[in-house]
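Report on the structure
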Amino acid sequence: MNQDKHWQSVGEAAGDPAVEQLKKNEFQEKLPFDAGVLTEEGGNVNASRRDFLKMFGFSVSAATLAASCEIPVRKAIPYVIKPEEVTPGKALHYASTFSDGSDYCSVLVKTREGRPIKIEVNDKSGANGTNARVQASVLNLYDAERLRGAKAMGEDISWEEVDKKIGADFKAVVESGQEIVILTATILSPSTRNIFADFQAKYPTVKVVTYDAVSYSGMLEANEACFGVRNLSQYDFSKAKTIVGFAADFLGTWPTGEENTQAYMTMRRPTAKNPKMSRHIHFEAGMSLTGSNADLRATMKPSQEGMAIMNLYNNLAVLAGVEQIPNVPKIEFAGNSLGVASKELWENKGESLVLSGSNDTNIQIVVNGINNLLGNYGNSIMVAESAHRQGSDKAVNELIDSINSGNVGALFINNVNPSYSLPNADKFNEAVKKVGLTVSFNERMDETTSMVKYACPDHNYLEAWNDASPVKGQYSITQPTIQPIFKTRPMQESLLKWSDAEVTNYYEYIQNYWQANVFTKQSAESNFQNFWDKAVHDGVMRVEDEIESREFSANIVEIASNVKLSNGDGLELLLYEKMGMGDGRYSNNPFLQELPDPITRATWDNYACVSPKYASEVLGINIKTEADIREKDVIKISANGYSIELPVLIQPGQANNTIAIALGYGRTHAGRAGNGVGQNAYPFLSMINGTWQRYATGVKVEKTGKKYKLALIQTQYMLDGDLPDRTVLKDMSLAAYKKNPSGAVEKIKKYTESDHFVAIYDKPDYRGNGHHWAMAVDLNACTGCSACVVACNVENNVPVVGKEEVARAHEMHWIRIDRYYKGDVMDSDSIESAYQPMMCQHCDNAPCENVCPVAATNHSSEGLNQMAYNRCIGTRYCANNCPYKVRRFNWFDYMGADSFYIYNNDTDKTDTYTELGRMVLNPDVTVRSRGVIEKCSFCVQRIQEGKLNAKKENRKLADGDIKTACMQVCSANAIVFGDLNDPKSEVSKLYKNERTYNVLEEMHTLPSVGYMAKVRNKKENA
Amino acid sequence: MSSEAASVTAPPKGEYHAHHAVESPLREPLIRGDKDYHQITEDICSPTENKPGLLWFIAIGISTTVLGVGSFAVLATLFEGIGMWGVNKSIDWGWGITNFVWWVGIGHAGTLISAVLLLFRQGWRTGVNRAAEAMTIFAVLCAAQFPLLHAGRPWTIFFVFPYPNTRGPLWVNFNSPLLWDVFAITTYLLVSLLFWYSGLLPDFASIRDRAKSKLRKGIYNTLSFGWIGSARHWHRFEILSLILAGLATPLVLSVHTIVSFDFATSVIPGWHTTIFPPYFVAGAIFSGFAMVQTLMIITRKVLKLEDYITLGHIDAMNRVILLTGSIVGVAYITELFVAWYSGNIYEQYAFRNRALGPYYWAYWTMMSCNVISPQIFWFRGMRRNLYVTFIMSIFINIGMWFERFVIIVTSLHRDLLPSSWNMYSPTISELGIYMFTFGLFFTLFLLFARAFPVIAIAEVKTVLKLSGENFKRKKATH
């Protein structure tokens, strides 16, 4: 043995073969592995090095993953019925129906990878567009403040448990013989109504009380009195040549606002060949969306409405030669407008409409009388065929009395929030405590649900099956587009379960109902399954429902003597709904909170609108300088034994000595976004003749000396001084239009087309080759309804920034509706308003493009002004140099995963559902980071999609294939998008229209958005 | 020691300063008192060698505090975003760009004094050029903070440099005035720095030669690039000075011309004005000289350099202020005239709004500080009154700041579409960043005053034989 050799053990030194063998192994000792895993058959062979490394690699990386890396939480949302055609990256559209008791709309739900991300219009329904609330509704689905399961006394409870408990309580109530009341919002669903009927049939003590926060009781009861049916009428504005409105917001917040707008606008498109349009005369106190679109608008105090309508009746009675209403003091408004209205109505008998927003039954009966005198029934009005707004103020009041007298044993609350929205909510809250069994189906722990014992939250409409029949003969289906996010259950199923019905599945119930009631009314399909599939596919279905002819019968003269007369002295308070907020049910939707009111341009608040005259003369506000400042004076308003403090907003066109306050604010249990925004104005409603009137008299105002910052998006309002000369908003009267159709735009055209108008650069050559995307906006059609603003927000992932940021002029909207007034600011009757949708003008000679040092914004070969977000360094030079001020800068990280919830007032960071709100984001549109500029892209993702689809189908792109989000939702068809290089496209034709001009045309920016001058139906030349 | 110093740093006895051969008896002497070469070296070098006085410590204490507090605003902006500022959807530039243009303007006097006056052979520049050049560089450094900080994504700011890259390569947009700014400002900073530093070389050598510690000697030797004062050194020094002066002179005109292009080439009424280039240059010189006055009046007092920065210097600079201030005044009035004469309603509104709109106070502050108050310098007594000069210099700095504020904010706040009209007011972050640049400026200036010769020793020596009392007496006795 070599003496030099070192040995480790005696065995080795002795040359033990076992030791020799061990030496050959890398690891001499047995590796500590589980025998089953790594040892081979026979047991004596250890794991190889390879196996070890495999094991080692796996365990280390697994441990690292588990311990240190944040594994994204998977929130998989499976399909209810997995569509076979689902392709990642491709949107699927499902026909469905939005119906919440307040609005109804047949929609297409756009889903991506199982997430509903956008509500679009269902063309099959015949509707052009939706309203802002329907557009924003997709975010309600992802509202983390919705209830996530059943609750009993505020504690989480399983559905089985709650069914057991409620079942027991319910049985006891049934046995006691006490009344069982379902307090519900207006139900458009025939199946649900049938469930209620079944319920009533089974338990005779069941009563269904319908309650609308913004009640149309007066109108309903007037129709009942005149036609014997308690329904709203359907108005056909496309048949009305003269429209006279009394505080009726029929283009705005009425149940069918967008349908009305669509029909109304068919009569408001004068052409050079046929320069005719309907004439709209409006009387109102506040500046409503509808009033602001009128041709002739006169201010009228709310209490004078009855007298004004009776005067109109009498004027027409003289013309018709029928009996006048006696003892009505004469009243007339600015510009002799009541006289003018009478004359023009009579000239257009049978082709006119008189509408009133009053909730006073007697007043509405007189209005019916007027329409009857004019022969409008059967022509421009379909009698009482609408199922919208069935609420009864009287029934709700009786319910409270009934509870107080101990008659009610069970109260089921469905989709209404009386504890917030009832003017006498205190009384209701007191009463609710006396009911043994109280259940709420509301989606969130709102004011009412927090008063009741059991919360059994209903699905969101995007998670549920449902149906609706808004008018006779029209049926539509709501189908689920996503598996319920939370442990919610349809209200209908809860009721079916508790009443031990045979069918407890609501889907089956609907099918059964349709088979029995709808299928039988049609003959096109003979197989029910085919009929059903078609109904679900199309979303809407028209069948022959028999329409009864109804005769008008009412003694107007006698009924009119009950109308409360007022000489209109003293300060009056008007309560109204805003376009975005409505009755306040969607307070927790940040899109709607941040949607600027079309008229006041304020977000995230309600306020006291007063006339400029009142502000300067009574409140001592300097109206010349106040517009610049967002800090407004706060006043204390008291009426009907209730008082609130609100900031003053000076509203041109507001009737003098009136204050207008929006309903729907001051929620306390709406959620993080809605709580504490504004003040609740519902308690100001006055009960007159058994219905809630949306005004109050005997109002007192005190100055508080406080200041409050309003998040206004536009501070300036008047186009006075030299501003009308600017090429911003061009308008003319119909009389002038008849003489010279291009009168409004002639001056600017003369200038920009003259030889004096010299540009250094050649005209860009985008026009002529390939596509040139462009837009035409008809200022005559835009009512200002702002649905496009929300549609754009949802489509393009436009951030919500919150009140503080809006108040700092940091809002991000890509499209805005500029609102301008003309007239003498101190004379509210002289105010004319106009709306101008303003988005990126995609200038062919864009001032923003040549100032960007890094070429982050540039022009596409198709005439689009495009943004390369990841090239943008954020100098904001482009935004400064944009004459239209449409570029928006990401001042903070509004959309970041860590900060999204801050600006959206979403659930806080510790919540499991922190990122739920971000589920609404459109995956086709980049989410912009902090520090970059963004702006309207003409929905470039839709342009790409349209082009790709055409290419795949091997055809030319057709006009109308591509619709931008704003165009798609516009009920008025005010926005038309298309290819300017296609001479046959709609937009090319509109570009050649004699009314078309470009905003700031003299800047030679060559915008790709053409505006068509507004025409007002005025007799005088102006 | 002193003889060596004199031999190394005094210019050679050539005739290259021929233009100073005779000083008119009518002229005010450029240096006061009986100075010799050694005395000059002593006077100017001593502040760098002795322990600083209490005043200096107080001053540096204040300026570093301001710098420190201001840096919180800088950090807040970097971490949170531009949302920390008061700028908004209508007024996208506010204090940030106002301060930028203001600081760039202040940086103008240095080059003008050192380059243009050198070419025009104005002997009086020797007393003030060093400090003015330092001020220029520090002001440009302060100005440079704003384009960086006001960018939404400052970490991508390198996109503005045209360099070969892997993105295509993706070039910058040569049409953008902001890009021209990048070139103009960097060129200006570079040339000013070179000019300033090359002038410092002989003076560093002087300090080195007087240094007592080895470390100090080593540092100043490195700073002086091993200057030994040979004739070849002096020759190259003179040539370099002339070349740099030649290069720098167009820059005096170009920098602010290009800064004015940011506004002049835009389409916003109130910005889109052809008068802007000369108007901005005059304004920049105006504000630059005012800042030099502010600093010089303090420096000469604190560092006891009254004999070198004389009332004659102050007077001369006040004349420049009077001239440029009046040019600026004419420009303001021309703008109003052109707005009226153009018949352009947007332009007319913009200027009416400036004078009478919600920001009228800014406009009238600008008018009174820049146009009305400098008219006091028509009087010799006022020009030579240190108190009046000091107060006026502050007024002009305020006025010129408001000029930029008026141009930027009042033009944007009510531009073309009335729907977008808005108001702007700065936040504490913007105030803090402005303070930060003040802190930076004064800290740098105070450090400069401690470590560098604040007056160009070698250059002052060139005028000594003409201006020094003892030399004049000697000449007279000959």
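Residues numbered from 1 in each chain as written. Chains lettered and ligands numbered in written order. Predicted model: local features only at pLDDT ≥ 70, side-chain atom pairs only at ≥ 80, totals over all residues.

1. Some thoughts on the interface of chain B and chain A
- At the interface, 39 residues of chain B touch 45 residues of chain A.
- When residues of the side of chain B that touches chain A are traced back to their parent elements, those giving at least two are α7 (177–210) and α12 (345–356) of chain B.
- The greatest single-element share of the side of chain B that touches chain A, amounting to four residues, is contributed by α7(B).
- Split by residue class, the side of chain B that touches chain A holds 22 nonpolar, 13 polar and four charged. (Contact = placed C-beta atoms within 7 Å. Helix = DSSP H or I, 4+ residues; strand = E, 2+ residues; numbered from the N terminus. Nonpolar A, V, L, I, M, F, W, Y, C, P; charged D, E, K, R; others polar.)

2. Topic: the sheet that holds strand β17 (residues 466–468) of chain A
Residues and elements named next belong to chain A.
- Here three strands make up an open sheet; going across it, the order is β17-β18-β19 and the pairing antiparallel. Pairing within the sheet leaves two strands with one partner each, and these edge strands are β17 and β19 (540–542). Taking the axes of each pair of neighbouring strands and ignoring which way they run, one obtains an average angle of 20° across the sheet.
- Bridging between strand β18 (residues 474–478) and β19 involves three bridges; their strand directions are antiparallel. Within β19, the position partnered with Tyr 475 by the bridge is Met 541. (Pairing = 2+ DSSP bridges. Axes fitted to C-alpha atoms, helices over the stretch in contact; angles between N-to-C directions.)

3. Points about the nonpolar core
- Counting residues in each nonpolar core, the largest one holds 426 residues, and the members touching the most others are Val366(A), Leu573(A), Ala608(A) and Ile659(A).
- If you tally residues by element for this core, the top one is helix α10 (residues 276–302) of chain B, at 14 residues.
- Each residue touching Ile659(A), except ones within four places of it in the same chain, is listed here: Leu571(A), Leu573(A), Leu574(A), Ala608(A), Cys609(A), Val610(A), Ile637(A) and Val699(A). (Core = buried A, V, L, I, M, F, W, Y, C linked by C-beta atoms within 7 Å. Buried ≥ 20, exposed ≤ 12 C-beta atoms within 10 Å, placed from the backbone.)

4. A look at the sheet that holds strand β9 (residues 242–246) of chain A
Residue and element names in this part refer to chain A.
- Read across the sheet, four strands follow the order β11-β10-β9-β12 without closing on themselves; strand pairing throughout is parallel. Edge strands, defined here as strands with exactly one partner in the open sheet, are β11 (296–299) and β12 (352–356). Averaged over all pairs of adjacent strands, the angle between their axes in this sheet comes to 10°, without regard to strand direction.
- For β9 and β12, the ladder comprises five bridges, and the chain directions are parallel. If you follow Phe 246 over to β12, its bridge partner there is Ser 356.

5. Focus: the confidence of the model for chain A
- On average, chain A scores 85 in pLDDT, and the residues at 70 or more come to 89%.
- Ignoring residues within four places in sequence, the model shows residues 68–77 of chain A, a span with pLDDT below 50, making six contacts including any to other chains. (pLDDT = per-residue confidence, 0-100.)

6. Remarks on the pairing of strand β3 (residues 115–121) of chain A
Residue and element names in this part refer to chain A.
- Taking burial as the measure, the seven residues of β3 include seven buried ones, the bulk of the element.
- As paired elements, strand β2 (residues 104–112) and β3 share six bridges and run antiparallel to each other. By the bridge assignment, Val 109 is partnered in β3 with Ile 119.
- Taking the residues between adjacent antiparallel strands as the criterion, β2 and β3 are bridged by two residues, where Glu 113 takes a positive phi near 45°.

7. Here we look at the pairing of strand β6 (residues 179–184) of chain A
Residue and element names in this part refer to chain A.
- With six of six residues buried, β6 lies mostly within the body of the structure.
- Burial of β6 is two-sided: the residues Glu 179, Val 181 and Leu 183 facing one way and the residues Ile 180, Ile 182 and Thr 184 facing the other way are all buried.
- Of the pairings in the sheet, the one linking β6 to strand β14 (residues 408–414) comprises six bridges and is parallel in character. Bridge pairing in β14 places Val 181 opposite Leu 411.
- Sheet topology note: the β6/strand β7 (residues 206–210) ladder contains five bridges and is parallel. Each residue of the ladder has a partner; that of Leu 183, found in β7, is Val 209.
- Note that the unit made of β6, helix α7 (residues 190–202) and β7 has a crossover that is right-handed. (Right-handed = clockwise from strand over helix to strand, strands pointing away.)

8. Topic: the packing of helix α9 (residues 231–264) of chain B against α10(B)
All names here are of chain B.
- Where α9 contacts α10, the two axes come as close as 8 Å, and the packing angle between them is 125°. Our classification of the angle between α9 and α10 gives oblique. Crossing handedness for the pair α9 and α10: right-handed. Packed against α9, whose contacting residues are Leu 253, His 256, Thr 257, Val 259, Ser 260, Phe 263 and Ala 264, the element α10 presents Phe 276, Pro 277, Phe 280, Val 281 and Ala 284 at the interface.
- Among the residues forming the contact of α9 with α10, the class breakdown is nine nonpolar, three polar and no charged. (Parallel < 35°, antiparallel > 145°, perpendicular 65-115°, else oblique. Left-handed = near helix turned anticlockwise from the far one by under 90°.)

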